[in-house]
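# Observations on the model geometry
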Amino acid sequence: MAQYLIRRVLLSIPTAFLVATIVFSLVHLVPGNPAVVILGVQASPSDVKMLDQQLHLNLPIWQQYLDWLGQLIQGNLGTSMIYQVPVLQLIFQSLPRTIELSLVAMALSILIGVPAGLFAGFYHGRLWDRISLYLATVGVVLPGFVIALLLIYVFTYRLHWLQIAGIAHTGTAVWISPLAYLVPGLTLAFGLSGPLMRILRTEVRAVAMSDHIRTMRMMGSSEGRIMWKWTFKNALIPMITFLGTQLGLLMGGVVIIENIFSIPGMGNLLVTGIFNKDYPVVQGCVLAMAFMVIVVNLLVELVYAVIDPRISYR
Amino acid sequence: MTKKAVAAGIMSLLAAGTLAACGSTSTTSNGSGSSTPTSSSPASGGTLTVGTYTTAETLDPALSHTALDQQIMDNIYGTLLQINKSGKIVPNLATNVSVSANGLQYVITLRQGVKFTDGTPFNAAAVKYNWERILNPATASPEAGNIGPVQSITVNSPYQLTVTFKQAFAPFMDSLTGPVGMIASPTAIQKEGKAFGTHPVGAGPFAFQSWVPNGAITLVKNSHYFKAGEPYLNKVVFDPILSATTLVDALDNGQVQIADVLDPSQLGQVQSSAAHVDDVPGLGWYGMNINVTQGPLKNVHNRRALQYAIDKSVIRKLVFNGTGAIANSQISPSSWAYDAALKTPYSPTLAKKELQAAGNPSGFTFTVQAQNTNEYIQLTQILQSQLAKVGITMHIQLLDTSTYLTNLNSGNYQADFVNMSGTLDPNTSTYIFDDSTADVVKNGYDNPTVNSLLNAALATPNQSKRAQDYRQIAQLMNQDLPIIDFVNPAVLIGVGNNVHGFVTFPTEYLYLGRVSVK
Amino acid sequence: MALSMEEQIADARPETGIRSRQVRRFFRRPGNIVGLALIVVIAVVGVGAHWIAPYGANATNFSDALAHPSMAHLLGTDSLGRDVLSRIIYGTDSSILASLGAVLMALIAGSVIGLVAGYAKGTVLDEVLMRIIDAVLVLPPLVLAMALAFIFGQGLLNAIIAIAVVFSPQFARVVRSKVLTVRELPFIEAARGAGAGHARIMLRHILPSVIQPALVLATLSIGNAIILEASLAYLGLGLQPPNPSWGFMVSSDVNYLSQAPWLIFAPSVAIALSVFAVTVVGQGLQEL
């Protein structure tokens, strides 16, 4: 098994390298010169030229690429052109907000999706089952920004229950003001909990039908306990797989949600980086997001290996 | 607030904090600020959070070019001269500034015994160091234009220096109230190097504490500030809240005490139980800058047709939610150089006549470039539908900041929109657009009469003479129309009801030295 | 989830052609009928926008801005006094066509890549193509689409290309895995023995038997494409204004959320209904 995992880790290295190359070329295809943005409208061509030299923008692109790659291998993501601080520092500053938001979203989606799925499975074909199926569909067919605006409208403007400016305010951590994470977290959880519910529902049905359960039922085990234990055990892997593979989508959602709620996380860093033509910041953010996806994919496989020894390791 | 968020380039020009009064003739100006009710004894201590519509870029006075940077820097560095509540220039870190009769020499006397917050003494050598840094081409300072054609800077004594100009430069006095007048610690500049912009050290009411890049900037009380008893606050946080609706929500909930600045669409959202809106006539202008060397707009009759076909009151109503004033020139009604007699009427009939005179009676087609923000999108759609009524087709090219600025710098555009933050000195609002030798805004406009009037206005310290020059310039500009002014926007700042002693200035400065919270 | 969906689709039965039994089964589910009816309505509205819309898409009435829904304006007016219903109607074709176009491009590009990679299994070409596909799949879809749309510049076509680039790796994977099973079948050997060239084998013999799973994935992707297009438009990276697009209608008036919620929610409902319709029908087709 160790061999299998090592092979998986090694396999992700060329992927990571390719991602880095794609990101570098993407960012350098962007038209326009960052030196112009930094200097503003009063800049003379000679000022721009001077800044180009300082930022090494005058070097041939392959040389910029090799320099950048060399630095990247040493863990150096470069220096932000606008803020003049290491990109890694910027990422570490904003990453907690994004991770907290993602975790809140996942937790909320489990809190909503799992019970809903269990109920739907137990009461298969009845009203509750249908309602939850329709709600799940609604979560899937609405873009994230619409869900966010809908929640803001209801909870902030109509009910006056929640503030929307919570996290924006000095980038508060989740344990300091958990309420602030509720609406943005719910927004992201909306889309996730539907599929989770379906997974649980299917498992409940499968377990309820299985011979094993019938046998246990005959032997007098309490119904609720059996269902809970077996369903959960069987549903765990599909749930982990699902949440793991959703990380990429979640990262995309985070960009829009952070934009709407003014949350100082990675998504916001990325968007301002794009609009400022701050190459190193954009590269750093996209790379960090991609690497997170790679790492989580690996973790999901690791969890598989631990939970389900039946998986064959080729 | 997209109002100024992306117009950073153009706003660089607000830099010269040029105010009305010039030299020793500190006469009145009508740009008085509106003030919040002041309590008899200001409470000391506490934290004030300012929600800002954008993120700061640099806190280095030699390199900054955005309004927000300057609002924050004002509180870190203070300025050599200051604009008081009634719009007069008063001493601050400089105790006296005298001008020679020919306007070529300025003798500046500094306050004694002041130290930068890193302990470095504040003196004439420090001022000289800062200014030579701005003048050094290697710094590429956007302030170079605001410091003027300096010939030499001489230190006379530890607390006095003389600045000699190649030719008279009347706005210099006003520049001392802006970034040129913000003096940084030379020790810190040398120590921090490139990082100085994120580790600023000055001698103002507050000392820099921390900056979360892309996030909050925290300042703490400078306990050695030279004004006894000030500042009242222990801490100031500038917190970027980029979404206009979120910013208002934060103000209403008391998460921020000052909303800088409010989007006009959100005025109705400010809850009177929590906060109020400071709506102060601004000094800037908002309009269209036309490249007179490109396409059908080369023809002055087409430009006049454009002006007649635009109903500015609609722009004021829809884009600015009824705030600000309809503009008749680049000079705002708050300025001493304003000419109320100028008229730029809306008249589709006259527009059609001008189209006739231009030789294209059925209209023409042109392209305007704009930054990709909701505000400009809204504006262009209003203009498109107004212009269509007289047969003018306006194409819109929405661009990212970088391409936009590159086009602007190379003159590769037919028309674009400008949102100039203002200063009371009309030079800031006019010079770079109207003067063909300024070589900053490449709109191809070249009128020798305007050039010489602008230079005459710079060379005279006499304000009434200068006002006359600027009025004449405005008239000529309204005939030639390289600029079509739509609105003189108001400064809209949301102020929490627990904030005392806060003054909203037409220059948009945000001095917090005398502000307290309860 | 994307992966499992692909695998599922790759396992779909290879038989082609729809039988009347399948058609009847499709219509037995009320959801499918509703979805199909919605698609018909959307198509009619999109094609006939010019005749259906009560006002022009950009007909401004500045004195009547932010009007509440009424008989004159069933869904109210926006911040420039334009009829919201009319703008939604006029926005239908761009929103729907963009998604269809993007999915079609992704289908073609992805199928070609998958076909070539699968046919060249075990070669360097296959390895390189699949590594690139893996790398692209690691990038968050919206982030990649944003970056691409930004590089290409604003415009509907550029947004379509961006979405297509984001979607094509999935198609490539589905097609490749199907090719891997088909290429070992005897009739391919036979064709090769008869002296058919690589291109001929790929296009005439392999393509017809692998295209069905790609088509199923395509129907399931349209909904995602609509959402992605709306999201790009929301971020200002879509159609050039003033032409209406649903996502952009939401973002341009987002500041009026509390004053005039209909400006936000009317186009949102349009997005939701079209995604719902294509998703339901896509799933219905997949179950056949």
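Residues numbered from 1 in each chain as written. Chains lettered and ligands numbered in written order. Predicted model: local features only at pLDDT ≥ 70, side-chain atom pairs only at ≥ 80, totals over all residues.

A word on the overall build of chain A. For chain A, the count of helices and strands is 13 helices and 0 strands. Along chain A, helices and strands appear, N-terminal first, in the series α-α-α-α-α-α-α-α-α-α-α-α-α. Considering chain A as a whole, with its 314 residues, one finds that 48% of them fall into the buried category. Relative to all contacts within chain A whose residues are 6 or more apart in sequence, the contacts with residues 24 or more apart total 71%. (Helix = DSSP H or I, 4+ residues; strand = E, 2+ residues; numbered from the N terminus. Buried ≥ 20, exposed ≤ 12 C-beta atoms within 10 Å, placed from the backbone. Contact = placed C-beta atoms within 7 Å.)

With that settled, the discussion passes to the interface of chain B and chain C. Each partner contributes residues to the interface: chain B has 19 residues there, and chain C has 17 residues. Secondary structure elements with two or more residues in the side of chain B that touches chain C: helix 8 (244-252), helix 10 (312-319), helix 12 (374-388) and strand 17 (393-399) of chain B. The element best represented in the side of chain B that touches chain C is helix 12 of chain B, accounting for 7 residues.

Residue and element names in this part refer to chain B. For the bond from Glu230 to Pro231, the omega torsion is -5°, close enough to zero to count as cis. Along the chain, Pro231 turns up in the loop between strand 10 (217-221) and strand 11 (235-240). Cis peptide bonds are those with omega within 30 degrees of zero, and the linkage from Asp260 to Val261 qualifies with -5°. In this structure, Val261 sits in the loop between strand 12 (258-260) and strand 13 (275-281). Residues other than glycine seldom take positive phi values, yet Asn321 does so here, at roughly 50°. With respect to the helices and strands, Asn321 occurs in the loop between helix 10 and strand 15 (325-326). We note that Glu508 has phi near 70°; this positive angle belongs to a residue other than glycine. Of note, Glu508 is situated in the loop between strand 22 (503-504) and strand 23 (516-517).

Moving on to the sheet that holds strand 14 (residues 285-290) of chain B. Residues and elements named next belong to chain B. The strand order across the open sheet formed by 6 strands is 15-19-14-18-16-17, and the pairing between neighbours is mixed. Where the open sheet ends on each side, the last strands, each with one partner, are strand 15 and strand 17. Of the pairings in the sheet, the one linking strand 15 to strand 19 (residues 483-488) comprises 2 bridges and is antiparallel in character. Looking at the pairing, Ile326 lines up with Val487 of strand 19. (Pairing = 2+ DSSP bridges.)

Turning next to the pairing of strand 7 (residues 150-157) of chain B. Residue and element names in this part refer to chain B. Sheet topology note: the strand 7/strand 8 (residues 160-165) ladder contains 6 bridges and is antiparallel. Residue pairing in the sheet places Ser152 in a bridge with Thr164 of strand 8. What sits between the antiparallel neighbours strand 7 and strand 8 is a turn of 2 residues.

This brings us to the nonpolar core. The biggest cluster of nonpolar side chains holds 163 residues, and the ones touching the most others in it are A:Leu270, A:Cys285, A:Val286, A:Met289, C:Val143, C:Ala145 and C:Ile163. For A:Met289, the contacting residues outside a window of four places in its chain are A:Met251, A:Met266, C:Pro140 and C:Val143. B:Phe206, B:Leu387, B:Val515 and B:Val517 belong to the second-largest nonpolar core, a separate cluster that totals 158 residues. (Core = buried A, V, L, I, M, F, W, Y, C linked by C-beta atoms within 7 Å.)

Under the 1.5 Å per step criterion, the end-to-end length of helix 6 (residues 124-138) of chain C is 21 Å for 15 residues, consistent within 8% with the ideal 21 Å. When helix 6 of chain C is considered as a whole, its buried residues turn out to be C:Leu129, C:Ile133, C:Ala135, C:Val136, C:Leu137 and C:Val138. (Expected span 1.5 Å × (residues − 1).)

The next thing to look at is the environment of B:Ser347. Assignment of secondary structure puts B:Ser347 in the loop between strand 15 and helix 11 (348-358). Remark: the alpha-carbon pair of B:Ser347 and B:Ile310, spanning 37 residues in sequence, is separated by 8.1 Å.

With that settled, consider the sheet that holds strand 7 of chain B. Residues and elements named next belong to chain B. Judged by pairing direction, the sheet is antiparallel, and its 4 strands sit side by side in the order 5-6-8-7 without closing on themselves. The two strands at the open ends of the sheet, each matched to only one other strand, are strand 5 (94-99) and strand 7. Strand-to-strand, the axes of this sheet are offset by a mean angle of 15°, without reference to chain direction. Sheet strands in contact with helix 4 (residues 124-135) are strand 6 (105-110), strand 7 and strand 8, and its direction is about 165° off that of strand 7. (Axes fitted to C-alpha atoms, helices over the stretch in contact; angles between N-to-C directions.)

The subject of this paragraph is the environment of A:Gln246. When you line up the elements, A:Gln246 lands in the loop between helix 10 (223-245) and helix 11 (247-261). C-alpha separation for the pair A:Gln246 and A:Leu5, spaced 241 residues apart in sequence, amounts to 22 Å.

This part is about the confidence of the model for chain C. Of the residues in chain C, 91% have a pLDDT of 70 or more, and the chain-wide mean is 84. Scored below 50 in pLDDT, residues 1-16 of chain C makes 25 contacts in the model with residues more than four places away or belonging to other chains. (pLDDT = per-residue confidence, 0-100.)

Residue and element names in this part refer to chain B. Put simply, helix 10 and helix 12 touch, their axes get as near as 11 Å, and they point 150° apart. Judged on the interaxial angle alone, helix 12 and helix 10 are roughly antiparallel. Here helix 10 runs over helix 12; the crossing is right-handed. In this structure, helix 10 contributes Val314, Ile315, Leu318 and Val319 to the contact, and helix 12 contributes Glu375, Gln378, Leu379 and Ile382. Considered class by class, the residues forming the contact of helix 10 with helix 12 number 6 nonpolar, 1 polar and 1 charged. (Parallel < 35°, antiparallel > 145°, perpendicular 65-115°, else oblique. Left-handed = near helix turned anticlockwise from the far one by under 90°. Nonpolar A, V, L, I, M, F, W, Y, C, P; charged D, E, K, R; others polar.)

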